[in-house]
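Architecture and fold: a report
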Amino acid sequence: MNIPEFAQNPESRCPVVLVLDTSASMKGAPIDALNRGISRFKYDVEQDAIASMRVEISIVSFGSSVDVVQDFVTIDDFSPPVLEASGKTPLGQGVRMGFQQLTRRCSLFKEAGVGFYRPWMFLVTDGAPTDGNLWKEVVEDVRVAVEEQKMLFFTVGVEGADLRILRAIAPKSSPPILLQDMRFEELFSWLSVSVCQMSRSSGGENTLYKLPPVDNWGVQQ
């Protein structure tokens, strides 16, 4: 399949989808810190010439609505959005949309004959789901994908998050992480180091990676 974006940049891809809580409780300092963190991620990855062509980012927000704020683009084409906080916490819908984003993107890579590294989903929330038990259905799909080594899934709880539910959502191999003192910039620096390391490796979708410690921004629960 001849797709212009892959013809112009045939590098293998490392897709990352951020599933971000933009509910009303994130208003003020939390959403401002989250926006700074996303900008930091772009800056850090751009410093690596290879990673900037291989790392792709998509952003799904869930609050007053559930939206693909940013469809997949490589970091060199990414313009960080300014997220605003309002509404409830439809976490299940957000995770489902993020999972669909990754599934479609990886299918496109395969159709186009483009190599790719194991995709990442990164969930950040400060509350509990307000869309019923949908998260239980969605997380089962994610759990299977993680166990089959088809994706990496991380859950990050901001102050106020329901850690009981996050423990039920998170895979056993990666317990939820409680963010300390709104250290979003440190979180996204960790993420940039991790994905840059992956994107520069010679491994592919099924390769295992040793990730750096999270001590400077979070505590595993």
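Residues numbered from 1 in each chain as written. Predicted model: local features only at pLDDT ≥ 70, side-chain atom pairs only at ≥ 80, totals over all residues. Heavy atoms only, no water.

1. Side note on the pairing of strand β3 (residues 66-74)
Both strand β2 (residues 55-62) and β3 contribute to a ladder of six bridges, which runs antiparallel. Directly across from Ile 57, in β3, lies its bridge partner Val 73. Between β2 and β3, which pair antiparallel and follow one another directly, the connecting turn spans three residues. (Pairing = 2+ DSSP bridges. Helix = DSSP H or I, 4+ residues; strand = E, 2+ residues; numbered from the N terminus.)

2. A look at the sheet that holds strand β7 (residues 218-220)
Spatial strand order, β3-β2-β1-β4-β5-β6-β7: seven strands in an open sheet with mixed pairing. Either end of the sheet is taken by a strand with one partner, and the two such strands are β3 and β7. Sheet twist, expressed as the average angle between the axes of neighbouring strands with direction ignored, equals 20°. For strand β4 (residues 120-125) and strand β5 (residues 152-157), the ladder comprises six bridges, and the chain directions are parallel. (Axes fitted to C-alpha atoms, helices over the stretch in contact; angles between N-to-C directions.)

3. Some words on helix α7 (residues 184-199)
Helix length check: α7 (16 residues) gives 22 Å between terminal C-alpha atoms against 22 Å at 1.5 Å per residue, within 8%. Along α7, 12 of the 16 residues are buried, which leaves the element largely enclosed by surrounding structure. Those residues of α7 not exposed but buried are Phe 184, Leu 187, Phe 188, Ser 189, Trp 190, Leu 191, Ser 192, Ser 194, Val 195, Cys 196, Met 198 and Ser 199. (Expected span 1.5 Å × (residues − 1). Buried < 20%, exposed > 50% of the residue type's maximum accessible area, 1.4 Å probe, protein only.)

4. Looking at the pattern of salt bridges
Scanning the entire structure with this criterion turns up 14 salt bridges. Notably, a salt bridge pairs Glu 5 with Arg 105, separated by 2.8 Å at the nearest N-O pair. Placement of Glu 5 in helix α1 (residues 4-8) and of Arg 105 in helix α4 (residues 91-112) is noted, with a sequence separation of 100 residues between them. On the basis of relative accessible area, Glu 5 is assigned to the partly exposed category, the value being 32%. Ionic pairing is found between Arg 40 and Glu 185, a salt bridge with its closest N-O pair at 3.6 Å. On the criterion of sequence distance, the pair formed by Arg 40 in helix α2 (residues 29-46) and Glu 185 in helix α7 is long-range, its members being 145 residues apart. (Salt bridge = Lys/Arg side-chain N within 4 Å of Asp/Glu carboxyl O.)

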